[in-house]
Each structure stands twice: as structure tokens, then as C-alpha cells.
Amino acid sequence: MSTTLAPAELRERAADDTLVLDVRAPAEYASGHVPGALNVPADLIDDLLPELRDAAERRRIVVVCAAGQRSAAACAKLAEAGVDAVGLDGGTQAWTAEGHPVDTAERPERAVWAMDRQVRFAAGSLVLLGLALGTRAPKARLLAAGVASGLVYSGVSNTCGMAAMLGKLPFNRPAPGALDSARAALRS
């Protein structure tokens, strides 16, 4: 069985037999997601395993993220728990590149940037800070070197520690009650 599904294949599937889980942060989900997708951030999957097992018995689960890395990790986690799921090949980026529509969720009063944009902003700001402070305190340049090293490691390992840290900030966390809403949606 294939571990991914092409966007065109997902588009053709009947919504009745497919459950689309978007494992991105709530702000990313709000900015545009596959129509009908349920937002279950990757770090909440463990909390919803019983409901996901039940849902997998009734429908095929397709896991979506921005480009495919987080959905592949989520599918692996689900497989370890005995839940069959496939990822959307290329994520929402591939979905929109093929011209498929996206839905947007209501945004909070203050719109939150997508995670990749938050990472670029934080990394760039820290590098600039390290270089600026380095004019007076040369050891401050180590901040810039540390961020650069982290970015290189992120590229090589295809992981992002900065995104994991930023994901813990309050504006990147699900709203209170989101877990209960996801649980109810999985049961229906």
C-alpha cells in the first residue's frame, strides 16, 4: 500500500470515505487548508489515538501538512499505534500548485504568520542581533554562528528545532477546547 496520495487522487475521493487530518499549527491551518480537513496539530495526535483508531475503521485517513515532512512523521506515529493513514504527497503546497481550492478558517484578532515565516523572521533577527552586538562585544557573534549552525543542521536533518520552540508560543497553540472539538469531530 502506498504511503502517500497525490493531490489529484485526494480530490477525486468521496468525502464520505476519507478523513483529512491537517497536522499543522492552528495559524497555518487557518491560512488555508484542504476543504473539509480537520485540524489536529501533530503534537496532539497521541491525545486523540483512541478516536483516530475508531475513525480509521470507518474511513481512510489522509494526513496533510505544508510540504509533506510533518505528515510523514505523523503517519509513522499513527502506524506505530496501529492506525492506517497516508500522507498527501507535497502537502497543501502541492494541493494549491495543482489549482485545487483551499478553505480558510476564521482568524483571531491578530493574524499569526505561517510557521516557516516565523522561523525565517526569528532566525534573521537573531543573526542581525548577534552581528550588531558583535561590534561592541565580539563574543556576541557566536549568536549568529549558533543560529547559522542550527539552520544548516535543519537543512541536513530535515527537522527544525526553532519551529518546535516557536510552536510552543501561546499564539501557535490550539485554542482552549480545540482538543474537545477535534475529538467530537472524529467521533461523528
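Everything in this summary refers to the structure shown in the same document. Owing to the predicted nature of the structure, the values given are computational and were not obtained by experimental measurement.

Right, let's get into the nonpolar core. For soluble globular proteins, the rule of thumb is that nonpolar side chains tend to be buried together. L21, I45, L52, I61, V63, L78 and L186 are the most contacted members of the largest nonpolar core, which has 20 residues in total. Listed by contribution, the elements that provide at least two residues to this core are β2 (18-22), α3 (49-58), β4 (60-64), α4 (69-80) and α9 (178-187).

Of all 5 residues in β4, 4 are buried, a share of seventy percent or more. Here β2 runs beside β4; their pairing, made up of 5 bridges, is parallel. Across the sheet, L19 pairs through a bridge with I61, a residue of β4. Read as a crossover between parallel neighbours, the route from β4 over α4 to strand β5 (residues 86-88) is right-handed.

To continue, consider the state of the cysteines. This structure, assessed with the given rule, holds 0 disulfides. The structure places no disulfide on C160, whose sulfur is separated from the nearest cysteine sulfur, that of C65, by 13 Å.

Taken together, E9, E12, D89 and E98 make up a surface patch of like negative charges. Within the secondary structure, E9 is located in helix α1 (residues 7-12). A relative accessible area of 41% places E9 in the partly exposed class.

On to the environment of T3, then. You can see T3 is positioned in the segment before β1 (4-5). Assessed through its relative accessible area of 59%, T3 is described here as exposed. Each C-alpha atom, one on T3 and one on V86, is 4.9 Å from the other, the two residues being 83 residues apart in sequence. Residue contacts for T3: discarding those within four places in its chain leaves V86 and G87.

The 5 strands lie next to each other as β1-β5-β4-β2-β3, forming an open sheet whose pairing is parallel. In this open sheet, the two edge strands, each paired with only one partner strand, are β1 and β3 (38-39). Direction of pairing for β2 relative to β3: parallel, over a ladder of 2 bridges. Each residue of the ladder has a partner; that of L21, found in β3, is L38.

Another point: the side chain of E51. Along the chain, the position of E51 falls in helix α3. For E51, the side chain forms a polar contact with the side chain of R183, separated by 2.8 Å. Discounting chain neighbours no more than four positions away, the residues touching E51 are R183, L186 and R187.

Now for α9. Since the α-helix advances by 3.6 residues per turn, residues separated by three or four positions end up pointing in the same direction. All of the buried residues in α9 are A182, R183 and L186. All buried residues of α9 project into a common sector of 100° when viewed along the axis, lining one side. Among the exposed residues of α9, those oriented more than 90 degrees off its buried face are D180 and R187. The inward-facing, buried residues of α9 abut β2, β3 and α3.

The next thing to look at is the pattern of salt bridges. Under the criterion given, the structure shown has 6 salt bridges. Put simply, R187 and E51 hold a salt bridge, and the shortest N to O gap is 3.0 Å. With R187 in helix α9 and E51 in helix α3, this pair connects stretches of sequence that are 136 residues apart. One salt-bridge network, held together by shared partners, links E51, R183 and R187.

Conventions and cut-offs
- Residues numbered from 1 in each chain as written.
- Predicted model: local features only at pLDDT ≥ 70, side-chain atom pairs only at ≥ 80, totals over all residues.
- Heavy atoms only, no water.
- Core = buried A, V, L, I, M, F, W, Y, C linked by side-chain atoms within 4.5 Å.
- Buried < 20%, exposed > 50% of the residue type's maximum accessible area, 1.4 Å probe, protein only.
- Helix = DSSP H or I, 4+ residues; strand = E, 2+ residues; numbered from the N terminus.
- Pairing = 2+ DSSP bridges.
- Right-handed = clockwise from strand over helix to strand, strands pointing away.
- Disulfide = S-S within 2.5 Å.
- Patch = residues over 30% accessible without salt bridge, like charges linked within 9 Å, V, L, I, M, F, W, Y side chains within 5 Å.
- Areas by Shrake-Rupley, 256 points an atom, 1.4 Å probe, with all protein chains shown as cover.
- Salt bridge = Lys/Arg side-chain N within 4 Å of Asp/Glu carboxyl O.
- Lys, Arg positive; Asp, Glu negative; His and termini not counted.
- Charge placed at Lys NZ, Arg CZ, Asp CG, Glu CD.
- Contact = heavy atoms within 4.5 Å.
- Polar contact = N/O pair within 3.5 Å; in protein donor to acceptor, adjacent residues only side chain to side chain.
- Arc of directions from axis to C-beta.

Interpretation note: all reported values are geometric properties and have no functional meaning in isolation.
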